[in-house]
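# Coordinate inspection notes
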Amino acid sequence: MSRLSTAVEPRDGFGAALRRRAGAHWLVQADGVRRRLPVERWHGRAEPAIAAVVDRCHGPTLDLGCGPGRLTAALTRSGVTTLGVDVCARAVALARSRGAVALRADLFDPLPAEGRWRHVVLLDGNIGIGGDPGRLLRRCRELLHPDGTVLVELEPPGSGAWQGQAYVVSGRRRGPSFGWARLDTRAVHGPAATAGLAVRDVRPAGGRWFAELAAGRALGPDAAEKGFGGAPTGR
C-alpha cells in the first residue's frame, strides 16, 4: 500500500470512513487481518437484524459508539429515551440530523445519568472500543442501573478473540492507530465476568450474533448459544 495520508482527528479512528461514505473502507489489524467496513450500512436506516436489539430496550438506553445514529434514531422512534455517544464530530452531526440526541464524548469520560441507564448498547463491533473488552464492560457496568443490561454484537461462534492495535484505511487515507478487540460468543464470558456481568442470552439475527449481559447467574457458553428464550431465531 503506497503513501497514505494520516490527517485525521485524534482519537477518531473511524472518522475518515464516516466522512467519505463512498468507496472501500478497511479495518486493518496489527496482525495483518483486513476487514471491509460496512459503511453504507452505518449510513442507512436500521436494518432488520437489529430489530431484536430495539425490541429488548424498554427504558433509557445509551448507544455507545453510535456512529451516524441509525440505532439511536430507531430507538427514539420506538419511544425509548436514547442518547448516542461518539468521539467523531461527523458521526454526532449525522445522528442529530436524523432527529436523535447525540453527544460527542469519549465513553470513558463522565457521561450524563451514570448509573441510571437501563440498557447500554455496543453494536457493529463496538465491543472492541479501547482494545480491552474487560475494561469496556466494567465501564458499561458503571453506566448501568443495577437492573440494567448490556446488549452487544459479537463475532460468530468459533471466531475466538483478538486484541491489539488497528487502523482504518479509506481510499488512500490511513487513520491513526488505536486499540481494538474482537470477541466471539464464547470468548465474551471471561471479560463479562471480570466486569461483574453474566452472559444471559445469545441469539443469531441476519447472519450476525447478539448477546445480553446482566448482573446475576450466567448461562454456560453452550446454553447461551441456543438463543433468547431457547431456540435461535434469524431475522
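### A few points about the pairing of strand β1 (residues 25-29)
- The buried fraction of β1 amounts to four of the five residues, a majority that puts the element mostly inside the structure.
- Relative to strand β8 (residues 161-170), β1 runs antiparallel, the two sharing five bridges. Following the sheet pairing, His 25 is matched in β8 by Ser 170.
- One ladder, built from three bridges, connects β1 with strand β2 (residues 34-36); its direction is antiparallel. Residue pairing for β2: Leu 27 is matched across the bridge by Arg 35.
- Hairpin connection of β1 to β2: four residues between the antiparallel strands, including Gly 32 at a positive phi of 95°.

### Here we look at the nonpolar core
- Core analysis: the largest hydrophobic core is formed by 44 residues, its most contacted members being Leu 62, Leu 64, Leu 122, Leu 137 and Leu 213.
- Apart from residues lying up to four places away in sequence, Leu 213 is in contact with Leu 137, Gly 148, Thr 149, Val 150, Val 152, Ala 192, Leu 197, Ala 198 and Val 199.
- In this structure, Val 53, Val 54, Leu 71 and Leu 75 belong to the second largest nonpolar core, which totals 13 residues.

### Some points on helix α4 (residues 70-77)
- In terms of burial, α4 is a largely internal element, six of the eight residues being buried.
- Of the residues making up α4, those classed as buried are Arg 70, Leu 71, Thr 72, Ala 73, Ala 74 and Leu 75.
- As for α4, its buried residues are in contact with α2 (39-43), α3 (51-55), β3 (61-64), β4 (82-86), β6 (117-122) and β12 (208-214).

### Focus: the layout of surface pockets
- Estimates place the volume of the largest pocket at around 1000 Å³.
- Along the walls of the largest pocket sit 47 residues, with Phe 14, Gly 125, Asn 126, Ile 129 and Trp 180 positioned nearest its centre.
- Residue assignment for the lining of the largest pocket shows that the elements contributing at least two residues are β2, α2, β4, β7 (144-154) and β10 (178-183).
- The residue makeup of the lining of the largest pocket, split by class, is 24 nonpolar, nine polar and 14 charged.

### Considerations on the pattern of salt bridges
- The full count for this structure, using the stated rule, is 13 salt bridges.
- Linking Asp 201 and Arg 56 is a salt bridge whose minimum nitrogen-to-oxygen distance equals 3.5 Å. Taken together, the positions of Asp 201 in strand β11 (residues 198-205) and Arg 56 in the loop between α3 and β3 put the pair 145 residues apart, joining distant regions of the chain.
- Taking relative accessible area as the criterion, Arg 56 reaches 25% and is therefore assigned partly exposed.
- Sharing partners across several salt bridges, the network here consists of Arg 41, Glu 47, Arg 70, Asp 124, Glu 153 and Arg 208.

Criteria and cut-off values
- Residues numbered from 1 in each chain as written.
- Predicted model: local features only at pLDDT ≥ 70, side-chain atom pairs only at ≥ 80, totals over all residues.
- Heavy atoms only, no water.
- Buried < 20%, exposed > 50% of the residue type's maximum accessible area, 1.4 Å probe, protein only.
- Helix = DSSP H or I, 4+ residues; strand = E, 2+ residues; numbered from the N terminus.
- Pairing = 2+ DSSP bridges.
- Core = buried A, V, L, I, M, F, W, Y, C linked by side-chain atoms within 4.5 Å.
- Contact = heavy atoms within 4.5 Å.
- 1 Å grid on protein atoms, 1.4 Å probe; cavity = no way out; pocket = protein on both sides within 12 Å on 5 of 7 lines; lining within 4 Å.
- Points joined across faces, edges and corners; volume = space filled by probe spheres on them.
- Nonpolar A, V, L, I, M, F, W, Y, C, P; charged D, E, K, R; others polar.
- Salt bridge = Lys/Arg side-chain N within 4 Å of Asp/Glu carboxyl O.

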